[in-house]
Amino acid sequence: MATIRLTAAQAMMRYLSAQLNEDGETYLAGVWAIFGHGNVAGIGEALHGLKDTWPTWRGQNEQSMAHAAIAYAKQMRRTRAMAVTSSIGPGALNMITAAGLAHVNRLPVLFVPGDVFAGRGPDPVLQQLEDATDGSLSVNDCFRPVSRYFDRITRPEQLLTALPRALRTMTDPAECGPVTLSFCQDVQAEAYDWPEAFFTPNVWRTRRPHPDPVELDRVAALIRAAKRPVIIAGGGVHFSGADAALAAFAQRFDIPVVETQAGKSALPWDHALNLGPVGVTGASSANAACESADLILGVGTRFQDFTTGSWALFKHKDRKLVSINVAAYDAMKHGAEPLCADARVALELLQTALGDHRCQPPPKGLKAAWFAAVDPLTDAPGDANSLPTDQQVIGAVQRASHMETVVMCAAGTMPGELHKLWKAPRAGAYHMEYGFSCMGYEIAGAMGIKMAQPGRDVICMVGDGSYMMMNSEMATAAMMGISFAVVITDNRGYGCINRLQMGTGGAEFNNLYAHANIETQPRIDFAAHANAMGATAVKVTSIAGLEAALAKRDAVKGPYVIVIDTDPYPSTPHGGNWWDVAVPEISPRPGMAEVRAQYETQRKDQA
Ligand SMILES: Cc1ncc(C[n+]2csc(CCOP(=O)(O)OP(=O)(O)O)c2C)c(N)n1
Ligand SMILES: [Mg+2]
């Protein structure tokens, strides 16, 4: 057997750079790296050797580098991913939140944190956590619950099995998620005689599992028997590339479609059968259809509580639940009749199985009534005497957007408002990280989206709170010349949580700066801050000013930040649904008992 002598780190990176997707691109587009002890010598040297063919990028924070990687994979519909490497200890633990984010959203990313010495010679090294009861433990064990595959590399030859397993997990449609290969520092540097064949370029094809025939028959029978079915389109529609199949299926049988946060843009907003967003942040049109539906047909959805209104949304007394999902775990949820398969394949086969069947056409007028109610909120020009609302900001961004625009966000007021109000003209035009809804995803995420689709017009919507939590990849984007627009809505605090607090009977407390334990009310100059990191930044004071600033974005190289002060109180009152947020049974505050009583009544709708 022909062999080649390389260090374990060299072998890992050489192997990873030879793994391809079905389009012949490297499956891993490159590696985000912050070096320290635990990866600079071994992994650092290995990446340097490949730098002309396989890029290494230097970010500012391990978590936000990973956000960029994850956003990249999401926008690529999981057809490509990125790796992220860190030093040991704090660098490694900084990636845990991002690993959780990738796990919840079922998105591929490869984490390669450095780990302590396998040989233990210098123990304890700088940043090594010691456990007096377990010598095999390091902080990297924290990756276990937030990884789909975890391995600790304590001998070079373990890579021969660990690396194919890592790739298998990331490219498996059902098991897809974060993989962690925790790489002991001394092992990275150790040489080994590797079989040359290990580095032969290898194509990873995404499997499209076909359904079990019995499951297909049973689901077809349920659809035939249903009078008022509704389809819930989830993120799996995008990952499977099933948007055209979904449109064909819905049209053929006259079944209305509603969309989750991850599923939004599966059908264009103005498609006659797209009744809009569903659930807690849903449209009245979509939710009315779900309330009266006798069959809920989930396609590629995890049935998160925002989608199901904490299971209080589907009110029909004989309501049945079907779940088309590539992961059996999701297909069997909540007593659903499972159709465990790839979404596209399942919809195509179901369409054939249903033949000439036709459902009752969906009720007319729901959608027109929804837009008649909410369009005035986004269309309002704003006036000089009051601060703009988030709805008006969305209207301005919408008017400035076009077919190439991707609007993105993760946490705060905007996800709910965008879910309700944004009009996505095509699949992939809406990128919302709402599995983890992780503050701090936005700016790094926008950078990752632009890296995935350099031709697209990326607009990042971010609140002042999320911006403050994590913004430093702005400097990376400026240095790398990655262009996207950022709209910062500054309402001086955590507006959405303040409203949630009020809605659950709480006092306004510790969310807006106005109610925080501080001496001086902040006047944070976000434009100056962004500018200091190399972005082009402006502050505008009106909706017209926002539109004028957005119109200039094509001319800006690197991140372009537009700051606008907004009113923290208004949200779209139309649509929506109950969300189960537990209200205290006991409180000295007047009125809380009543809120608790209402809460207990609402909980009775959960089914
Ligand atoms: C990492 C993280 N911490 C806390 C939360 C809980 N949380 C959700 S939104 C939010 C406030 C967001 O404030 P901002 O970005 O200013 O948006 P606003 O609602 O004010 O528009 C908080 C604290 C979260 N989602 N993620
Ligand atoms: Mg805010």
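Note that the coordinates shown come from a computational prediction; the quantities given were computed from them, not determined experimentally.

Trainee: In this structure, what is going on with the coordination of the magnesium ion (ligand 2)? I would like to understand it.
Mentor: Reference geometry at the metal: tetrahedral coordination by four donors gives ideal angles of 109.5 degrees; octahedral coordination by six donors gives 90 or 180 degrees. For the magnesium ion (ligand 2), the full set of protein donor atoms is Asp464 (OD), Asn491 (OD1) and Gly493 (O), and the range of their distances to it is 2.0 Å. Coordination of the magnesium ion (ligand 2) draws on donor residues from a single chain, spaced D-x26-N-x1-G in sequence. Of the two residues examined, Asn491 and Gly493, each falls in the buried class.

Trainee: Mind showing me how you'd approach the packing of aromatic side chains here?
Mentor: The description of two aromatic rings rests on the distance between their centres and on the angle between their planes. With the rule as written, the count across this model stands at 14 aromatic pairs. Residues Trp578 and Tyr599 carry aromatic rings whose centres are separated by 6.2 Å and whose planes lie at 45° to one another, so their mutual orientation is tilted. You can see Trp578 sitting in the loop between β22 (559-565) and α24 (592-603) and its partner Tyr599 sitting in helix α24, a full 21 residues away along the chain. When sorted by exposure, Trp578 lands in the same class as Tyr599, which is buried. Put simply, the rings of Tyr15, Tyr192, Trp194, Phe198 and Phe199 pair up and form one aromatic cluster. In this arrangement the basic side chain of Arg14 is found over the ring face of Phe199, its NZ or CZ atom lying 5.3 Å from the centre.

Trainee: So what exactly am I meant to see when it comes to the sheet that holds strand β15 (residues 320-325) here?
Mentor: The strands making up a sheet associate through hydrogen bonds between their backbones, and the pairing can be parallel or antiparallel. Strand order in the open sheet formed by six strands is β13-β12-β11-β14-β15-β16, with parallel pairing between adjacent strands. Edge strands, defined here as strands with exactly one partner in the open sheet, are β13 (274-277) and β16 (337-340). Averaged over all neighbouring strand pairs, the angle between strand axes comes to 20°, with direction disregarded. Both strand β14 (residues 295-299) and β15 contribute to a ladder of five bridges, which runs parallel. Each residue of the ladder has a partner; that of Leu297, found in β15, is Val322. Sitting on the sheet, helix α8 (residues 213-225) is in contact with β14, β15 and β16, with an inclination near 125° to β16.

Trainee: So what exactly am I meant to see when it comes to the site of ligand 1 here?
Mentor: Taken together, 15 residues sit near ligand 1, with Thr413, Ser437, Gly465, Gly493 and Gly495 positioned nearest. A distance of 2.9 Å separates an oxygen atom of ligand 1 from a polar side-chain atom of Asp464. Between ligand 1 and the protein, one listed contact pairs an oxygen atom with a backbone N or O atom of Ser466 at 2.9 Å. Within the complex, the protein chains bury 78% of what would otherwise be the 590 Å² of accessible surface of ligand 1. Those elements that provide at least two residues to the shell around ligand 1 are α19 (464-469) and α21 (495-503). Counting residues per element, the shell around ligand 1 draws most heavily on α19, which supplies four residues. Among the residues making up the shell around ligand 1, the classes are represented as five nonpolar, nine polar and one charged.

Trainee: How should unusual backbone geometry be read in this particular structure?
Mentor: Across the chain, the bulk of peptide bonds are trans and the bulk of non-glycine residues have phi less than zero. Here the bond from Asp123 into Pro124 is cis, since omega is -10°, no more than 30 degrees from zero. Residues other than glycine seldom take positive phi values, yet Arg77 does so here, at roughly 50°. In this structure, Asn510 takes a positive phi of about 65° despite not being glycine. Topologically, Asn510 is positioned in the loop between α21 and α22 (526-532).

Trainee: Would you mind showing me how to read the layout of surface pockets here?
Mentor: Space left empty within the atom packing is revealed by a probe, the size of a water molecule, rolled over the atoms. The computed volume of the largest pocket comes to approximately 1200 Å³. As for the largest pocket, its lining consists of 45 residues, and the residues nearest its centre are Val280, Cys496, Arg499, Leu500 and Trp579. Only α17 (413-421), β19 (457-463), α19, α21 and α24 provide two or more residues apiece to the lining of the largest pocket. Ranked by residues supplied to the lining of the largest pocket, first place goes to α21 with six residues. Of the residues belonging to the lining of the largest pocket, the class tally is 19 nonpolar, 21 polar and five charged. Roughly 820 Å³ of internal volume is contained in the second largest pocket.

Each value, and the rule that gives it
- Residues numbered from 1 in each chain as written.
- Chains lettered and ligands numbered in written order.
- Predicted model: local features only at pLDDT ≥ 70, side-chain atom pairs only at ≥ 80, totals over all residues.
- Heavy atoms only, no water.
- Donors = N, O, S within 2.8 Å, 3.2 Å for Na, K, Ca; no water.
- Buried < 20%, exposed > 50% of the residue type's maximum accessible area, 1.4 Å probe, protein only.
- Phe/Tyr/Trp six-rings, centres within 6.5 Å; stacked < 30°, edge-to-face > 60°.
- Helix = DSSP H or I, 4+ residues; strand = E, 2+ residues; numbered from the N terminus.
- Lys NZ or Arg CZ within 6 Å of the ring centre and 35° of its normal.
- Pairing = 2+ DSSP bridges.
- Axes fitted to C-alpha atoms, helices over the stretch in contact; angles between N-to-C directions.
- Contact = heavy atoms within 4.5 Å.
- Near = heavy atom within 4 Å.
- Polar contact = N/O pair within 3.5 Å; in protein donor to acceptor, adjacent residues only side chain to side chain.
- Areas by Shrake-Rupley, 256 points an atom, 1.4 Å probe, with all protein chains shown as cover.
- Nonpolar A, V, L, I, M, F, W, Y, C, P; charged D, E, K, R; others polar.
- 1 Å grid on protein atoms, 1.4 Å probe; cavity = no way out; pocket = protein on both sides within 12 Å on 5 of 7 lines; lining within 4 Å.
- Points joined across faces, edges and corners; volume = space filled by probe spheres on them.

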